[in-house]
Each structure stands twice: as C-alpha cells, then as structure tokens.
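These are the residues of each chain, in order.
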Amino acid sequence: MSRIASVLLPLPLPEAFDYAEPEGMELQVGDQVAAPLGPNLMRGVVTGLRDGAGHNRPLKAVQARLEEPALPEKTLEFVQWAARYAVDAPGQPLAIALRGARAPKAKPQKLIEPTGVLPGRPTEARLKVLAAAKAGAASAADLARAAGVSAGVVKGLLEEGALAVRTLEPAVRFEAPDPLRAGSKLNDSQAAAAEVLRGLVRDGGFQVALIDGVTGSGKTEVYLEAAAEALAADPTAQVLILLPEIALTQAVIARVAARFGAQPGEWHSDVAPPARRRVWEGVLSGACRIVVGARSALFLPFRNLRLVVVDEEHDSSFKQEEGFIYHARDLAVARGKIEASAVILASATPSLETLRNAETGRYHWLKLSARHGVARLPDIDLIDLRDTPPESGRWLSPPLVAVMGETLSRGEQVLLFLNRRGYAPLVLCRACGERMTAPDTDSWLVEHRYSGRLVCHLTGFSMAKPEACPHCGARDSLVSIGPGVERVEEEARSLFPEARVAVFSSDTVFDAREAKRLIEAMAAGEIDILVATQAAAKGHNFPNLTLVGVVDADLGLRGGDLRAAERTYQLLAQATGRAGRKDRPGRALLQTYAPDHPVMQALAAQDREAFVAAEMGERELAGLPPFGRLAAVVASDVDAARLDAFCREMAEAAPNTPGVEVYGPADAPLSLIRGRRRKRFLVRADRTVDLSAYMAAWRARVRPKGQTRVAIDIDPYSF
Ligand code: ADP
C-alpha cells in the first residue's frame, strides 16, 4: 500500500479513521474526501498522511476527493483546538464546520450538454439523445436512459463532439461589499474608538478589543468601521459578526447591507439548506466576505478571516449547552488567535470575564459612555410590589398601569418585559394540589393558550390541557398559576382595549422572517404595546418606545445559581435600555419584591461600577471565574442505582492535582430529563491549571458502560 490517509469524520468518534489512498489521488492535509463508512459514503477531511509500507491490515480506500477546495488549514486547527478545549471528540466540532456542505458525491458533478456541433449521421436515436440532452444529464447512462437508447449512442456523440461534458463549478456569487462607502458621521467618542479599532485591524495579528458602551451609544456603527477597514485593507479579507439571537441577526444584516451595499452571508439554524450551502461554499471559496450569524457561524471554513465581532458578548445564548458544549465568545477569541486576526467584543454590560481581561490590560478597552445624539439613558424606578401590589389575578401594578396610560396617550410605545414564555408557568389542581409535571422530566408543564397545550420547556414534550385532573379526576379544578407573556398580553388588552398589543417570544415568533416582520412593525409604530421575552428585549432600536415595564424583575434571582445576579443585571439593563433611544426621554419601571437587592439598587442608580466591584470581590474570595476556572461533569443514566455506582467510581478516579478541587456529586440543576437521572460534579481550579487537560485525564480513567453517559462542560454557565 502506498500511503495511508487519516480521515476525520463528522461523528462523535475519539479519533480519525485510516483509509488507503488510491493510486494517483495525491491527497493533501485538509482535502475533503468521500470515505466509505458501513454502506454509506461520508464527507470527511484528511488530517494526516503517512507511508503505508509494512501495514498489513486491509483498509478501505478513500472513494474520491470532493470538488470543493480543501478545508483551510486554520479551520482544521481550530476544530482540533476546540475539541481539546471542550474535552470532546474532534468529529463534533467538525460536524458543525461541515454543516453547510452538500452530501458527498463520489464523483464531481458533471453535466453532458449538446455543443451545437451537428452529428455526422443524424439517426433517429441520435436526434433523440440530442433532444434529451437539452435538459442536461449527469452521466452518459442517465442520458441514454432518458432518450431510450443504448449508451453506445451517447458515447458516439461524445466522440464526435456533438455532446460535451462540463464539470460544474459551484456557482456561488456574492455581491462584493464596498468598504469605501461613507458610514455615519461619528461623534467624538465613537471616532476615537473607531480609530483604535482601525489601527488594530490594519496592524494585523491577534488583538482583542472590548467596546464597552451604554445601550444606544453606537457600538454597531463603530465596529462596522473596523469591518470597513478590514475589507478595504485586503481584497480577500473576510469578516464575521456573531450575534446571540436570530432576531438580532436580521437587524444587523440590514445595517451591514446598507453600509457596504451588499448582502452579507446569513448563518443560523433558520437558514434553509440551499441558502446555507451557498454561504458555506461562498465562505470556503472566499466569495462571501461578510457573514452575520449565530454562534455556529464561528466554525465556518473561512479562507482569510481578518476580524471577528461578538456583539452582546455577555449573552448567555452564546453558550451551547447540548451536544458539543462550548461558549462562542471564548472560542471566538481562540479562533482569532489561530487566524491571527482582530477580535472585537461589544456589550453595554460586559461579562465579568471580559471586564477582568480589560482591567488587566489583556484587551483594549474602548468606552462609549453616552447615547448618540440627544438620546439619553432612561430613568429607572423601582416599584415595590409589597406596597402597591397588582389586583388579585393580575400582574401589572397600579403605578405601572398609570404610566402605561400616560405613555400611550402621548402616542408612544410600551415594552412589557417578562422572560417567561407561554400563559402560565404552572398548572395546579385546586382539589388535590397536584402540580402538572412532565412525565419523564423534572419540570413543571407550562400552559400555552395559543396552542391550548401544556408544554415542557426542557424537552418539548406537550399534551392537550386535560378537562379533569389526571391525579384525582376532579373536573374544572385545574388553575393557571403565575404569568407568562401570553397572560400579560391578555391583561394589557383588557386594560387598554384600544391599544394594538403583540407578543414576541420564541413561541409566537418561530422564524427569522416573522421576527423581522414584528420588529419592523414595532419600529414603524404599528404596535402600541409589545409583550416580550428576552428574544426581543436586546439590541433593537425602536425610536418611539419610551416606556419599558419589567413585570417580574426578581425572576432570574430565584434559584441558587451563583451567576444569577450578573445575569439578571445584564438582562434588565438590556431590556430597560430599549427605552428612549431617540429624541424622546425614556423611562423604565421595575416591579420587584426585593427593592433592596444589590441588583435592583445598581439598576436604579445606574451604577454598574459599584455592582461589578461587589460581584468581582465575591468571585475573587471564592476563587470563581474570572479569578479561577470551573468545569462540570454531568453523569446521567436511566437507572438511579447504576448512576450512583458510576458516580462513586468517578469520585474515586478524580486525579489529585494541586490547585484543583472537586465537589459533588450532587443532583444536577435539572435532575431528570427524558427519563435520565442526572448528577453533577463541579470542579474549581486555579487560573494556572490547564483544566481541559485535567478533565481529559479524569475522563480517561472511567469507562461508562451501557446506558451511562458522561458530558463535560468547561466553564459551565450555571454554577
Ligand atoms: P448600540 O449598538 O451601542 O446599541 P447602535 O449602533 O445601534 O448602538 O446605535 C444606536 C442608534 O443610534 C442607531 O439607530 C444608530 O443608527 C444611531 N447612531 C449611532 N451613532 C450614530 C452616528 N454617529 N450617526 C448617526 N446615527 C447614529
């Protein structure tokens, strides 16, 4: 055998597989190939080649080299780095990187077409073939079948030159962005920030900058300047802009298109496969120079990535919690390092991790402390629900309702923010006290009135709302407890029957087009009251929105999660930041039972520094991120006793390493999902410890058997 190719397949396998390189194929690292796996052909990527002399086990051969260009070396390096970091199989991130690729065909796609040359002998069979060939055919056999003649007839026409074979180039076209078009005229602080960023991009090399700017300060305008610089400096440069929500990608795509006169590539789970393929091929060929997308866009096979922007970098949606577990902000920085490119993180409420990196000088720290133009930050007031509770069965307190009335009467818009989908988070039987829960998951079923169903938000399980209590059989005894956005919508409609009310949550807005439609309707003033979960509460500019009412400001603080304060602060600062973004002053009212809580105090005083300092102090004392590292191991099994036994084995196998502490096992925050019980270990380590290596060593010492599964989560979001 001449050479052996290691081919990485997009599957959760521990390593690449060996295949024989067919004579004359001359593979190179990065080549995309069709490799046989069982009865199928699979797209894989060559990660290594070695001499096959002395190898005596029979190997299957690589079937074909695919027509697409090789995967860029740095993309492959990034995939392998990400797998090591996440302590997972490299095929997992590779699968994300190949998500836009078409199914592998063993042979390059070809088309047989008439050339216009007339055949020497125009027999009936030959004329039939020429007629059939007008529609295009992939092979001589296909064409012969379509014409109802023997393959020899087609062959004869090919030899005579009446037919020709054309290899199909993937015809991927993108409009070329024009970086020289004029952007907005920047104000002084924007111009200063943009100047620094342009310098970083021009210098080349890996650099990270944080744009730390209040909501509405023009962070987007500023990073688009950096993008313009990257595109102008190098005709092959590519720019990636990552956003946490599909709804936000729509707004940024429109701004990019306006700024550069060209549609960027769009990348998220809602993009249909043909469009996805087009972007994937465009990124790989270099034709697509700007991509706006959600977290998985980070794995696209860029040829010459010069700038990565992570907008709303603090956002928890950047954390992927299932399958391949990663944080897109952290991996964006890693990819920037591998590509030797600039990375811009932007936020009005940066994560403590990023702030720490800015404070210690690892990141450039660019501040925009005022809104652009005459817009001012909203006044934020707390409504103490203990003093002024809503009427029974209602959720909006009299002071909030009064200000809503004033706002609407001025012809301005209201956003009611409640981070809870559906109608009610709990349905309970008045007769026996039974709470409706999912059959195989430890969570309450959420009532959805639009669909008339009870839904498990963790697994998607749903059932029709029963007429009688399934536990005691009592009829008409089920009551809905607590509010979700649908219930607040109902209340808003009954309070303000004249107002046009809409709901924005992932249940009512299921795709990017609907999100775009609703956002445009809101921006155009066709909606008076928007009731929204976090899906619509970030990033957007609604010029006539002057009041934000937070229905339950305490919601995120319940539950013992140590990141709860940081996350609640960020979410509420974002939501309240939607108010007053143009010339009319904005106002935000937070309904709370805990007005003295540090988060509420910091929000009302608009004193982020005090909040951050207090929170940093606590993290530092406990050695928690950003002052230490964290990882989690979740073990799960359908059988509780077997899970316990496995956890004991895991606990014993934990390597003893200075600077590393292992806690647990304890019930995971979600202790039963789809019939699987879940236990969790938490690992805290000093910053100097290579935690991924530690976790990999630990993982290698145990062998989960049968139904037992182990997942490792580096830097778990909730702890
Ligand atoms: P951020 O990303 O910080 O929330 P944006 O970039 O979305 O801020 O800007 C907020 C609003 O102000 C947008 O409507 C934007 O077009 C406008 N804006 C910001 N800076 C300028 C500028 N220099 N000239 C004109 N409009 C601006």
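What counts, and at which threshold
Residues numbered from 1 in each chain as written. Predicted model: local features only at pLDDT ≥ 70, side-chain atom pairs only at ≥ 80, totals over all residues. Heavy atoms only, no water. Pairing = 2+ DSSP bridges. Helix = DSSP H or I, 4+ residues; strand = E, 2+ residues; numbered from the N terminus. Buried < 20%, exposed > 50% of the residue type's maximum accessible area, 1.4 Å probe, protein only. Salt bridge = Lys/Arg side-chain N within 4 Å of Asp/Glu carboxyl O. Phe/Tyr/Trp six-rings, centres within 6.5 Å; stacked < 30°, edge-to-face > 60°. Lys NZ or Arg CZ within 6 Å of the ring centre and 35° of its normal. Near = heavy atom within 4 Å. Polar contact = N/O pair within 3.5 Å; in protein donor to acceptor, adjacent residues only side chain to side chain. Areas by Shrake-Rupley, 256 points an atom, 1.4 Å probe, with all protein chains shown as cover. Axes fitted to C-alpha atoms, helices over the stretch in contact; angles between N-to-C directions. Contact = heavy atoms within 4.5 Å. Parallel < 35°, antiparallel > 145°, perpendicular 65-115°, else oblique. Nonpolar A, V, L, I, M, F, W, Y, C, P; charged D, E, K, R; others polar. Left-handed = near helix turned anticlockwise from the far one by under 90°.

Asker: If you had to explain the pairing of strand β4 (residues 40-51) to someone new, which residues and values would you point to?
Answerer: Where strand β1 (residues 3-8) lies against β4, six bridges are found, and the strand directions are antiparallel. The partner of A5 across the bridge, within β4, is L49. For strand β3 (residues 32-37) and β4, the ladder comprises six bridges, and the chain directions are antiparallel. Across the sheet, residue P36 finds its bridge partner in β4, namely L41. As consecutive antiparallel partners, β3 and β4 are separated by two residues, and within that stretch G38 has a phi angle of approximately 55°, a positive value.

Asker: Describe the pairing of strand β8 (residues 207-213), listing the residues and the values that go with them.
Answerer: Among the seven residues that make up β8, six are buried, leaving the element largely enclosed by the rest of the structure. With six bridges connecting them, β8 and strand β15 (residues 342-347) associate as parallel partners. Paired with D212 across the strands is S347, a residue of β15. For β8 and strand β16 (residues 364-368), the ladder comprises five bridges, and the chain directions are parallel. Of the residues in β16, the one forming a bridge with L210 is W365.

Asker: Could you give me a rundown of the pattern of salt bridges, with the residues and numbers involved?
Answerer: Following the criterion strictly, the structure yields 42 salt bridges and no others. R102 is paired through a salt bridge with E281; the nearest N and O atoms lie 2.8 Å apart. Residue R102 is located in the loop between α2 (91-97) and β6 (110-114), and its partner E281 is located in helix α9 (residues 273-285); the two are separated by 179 residues in the primary sequence. A relative accessible area of 23% means that R102 is categorised as partly exposed. Accessibility expressed as a relative area gives 7% for E281, which makes it buried. Counted as one network, the salt bridges with shared partners bring together E195, R198, R202, E225, E229 and R259.

Asker: Help me get a handle on the packing of aromatic side chains, residues and values and all.
Answerer: Aromatic ring pairs: the centre-centre distance and the angle between the two ring planes describe each pair. Under the counting rule described, the total for this entry stands at eight aromatic pairs. With 5.6 Å between their ring centres and 35° between their planes, F324 and Y326 make a pair best called tilted. A centroid spacing of 4.6 Å and a plane angle of 15° characterise the contact between Y569 and F611, whose relative ring orientation is stacked. Here the residue Y569 occupies a position in helix α15 (residues 564-576), and F611 occupies one in helix α17 (residues 608-622), the gap between them amounting to 42 residues. F611 shares its class with Y569; the two are buried. An aromatic cluster is present here, built from F78, F299, F324 and Y326 joined pairwise through their rings. Taking NZ or CZ as reference, R278 lies 4.1 Å from the ring centre of F174, over its face.

Asker: Help me get a handle on the site of the ligand, residues and values and all.
Answerer: Not every one of the 15 residues close to the ligand is listed here, only the nearest: K185, Q190, K219, T220 and R255. Backbone polar atom of G216 to an oxygen atom of the ligand: 3.0 Å apart, as the coordinates give it. One of the backbone N or O atoms of G218 is found 3.0 Å from an oxygen atom in the ligand. Here the ligand loses 79% of its free accessible area of 550 Å² to cover by the protein chains. By residue number, the principal contributor to the shell around the ligand is helix α7 (residues 219-233), which donates three residues.

Asker: Hey, could you go over the sheet that holds strand β30 (residues 676-686) for me, with residue numbers and the actual values?
Answerer: In sheet architecture, strand pairing relies on hydrogen bonds along the backbone and comes in two forms, parallel and antiparallel. Pairing is antiparallel across the open sheet formed by four strands, whose spatial order is β29-β30-β28-β31. Each edge of the sheet is formed by a strand with only one pairing partner; in this case those strands are β29 (660-673) and β31 (709-714). Each strand axis lies, on average, 20° off the axis of its neighbour in the sheet, ignoring direction. Running over the sheet, helix α18 (residues 640-653) touches β28 (628-637), β29, β30 and β31 and is turned about 15° from β30.

Asker: How would you explain the packing of helix α11 (residues 352-359) against α17 if you had to name every residue and give the values?
Answerer: It is the contact of α11 with α17, at a shortest axis distance of 11 Å, that shows an interaxial angle of 95°. By the angle between their axes, α11 is roughly perpendicular relative to α17. Packed against α11, whose contacting residues are L352, L355, R356 and E359, the element α17 presents R608, V612, E615, M616 and R619 at the interface. Across the contact of α11 with α17, the residue classes break down as four nonpolar, no polar and five charged.

Asker: Quick one: what's the story with the environment of F681, residue by residue and with numbers?
Answerer: Topologically, F681 is positioned in strand β30. The spatial distance from the C-alpha of F681 to the C-alpha of G218 is 42 Å, given a sequence separation of 463 residues. Those residues in contact with F681 that lie beyond four places of it in its chain are A631, A632, V633, C647, M650, A651, V662, Y663, G664, P665 and W698.

Asker: Tell me about unusual backbone geometry, residues and numbers included.
Answerer: Backbone torsion omega between P625 and P626 reads 10°, so that peptide bond is classified as cis. As for its position among the elements, P626 is in the loop between α17 and β28. The omega torsion of the bond from G664 to P665 falls at 10°, within 30 degrees of zero and hence cis. Position of P665 relative to the elements: it lies in strand β29. Positive phi outside glycine occurs at E312, with the angle close to 55°. With respect to the secondary-structure elements, E312 resides in the loop between β12 (305-311) and β13 (319-320). On the accessibility criterion, E312 (7% relative accessible area) is buried.

Asker: Tell me what's going on with the packing of α7 against helix α8 (residues 246-260), and back it up with residues and numbers.
Answerer: Interaxial distance between α7 and α8 falls to 11 Å at its minimum, and their mutual angle equals 50°. Between α7 and α8, the angle is such that the two are oblique. The handedness of the crossing between α7 and α8 comes out as right-handed. Along the contact surface, α7 presents T220, E221, Y223, L224, E225, A227, A228 and L231, while α8 presents V252, R255, V256, R259 and F260. Along the lines of polarity and charge, the residues of the contact of α7 with α8 split into eight nonpolar, one polar and four charged.

Asker: Any chance you could break down the environment of V283 for me, citing the residues and the numbers?
Answerer: One can find V283 in helix α9. Along the sequence, V283 and S189 sit 94 residues apart, while their C-alpha atoms lie 34 Å from each other. If we ignore the near neighbours within four places in the chain, the residues touching V283 are Q238, C288, V291, L300, P301, F302 and R303.

Function-wise, these values are silent; they only describe arrangement.
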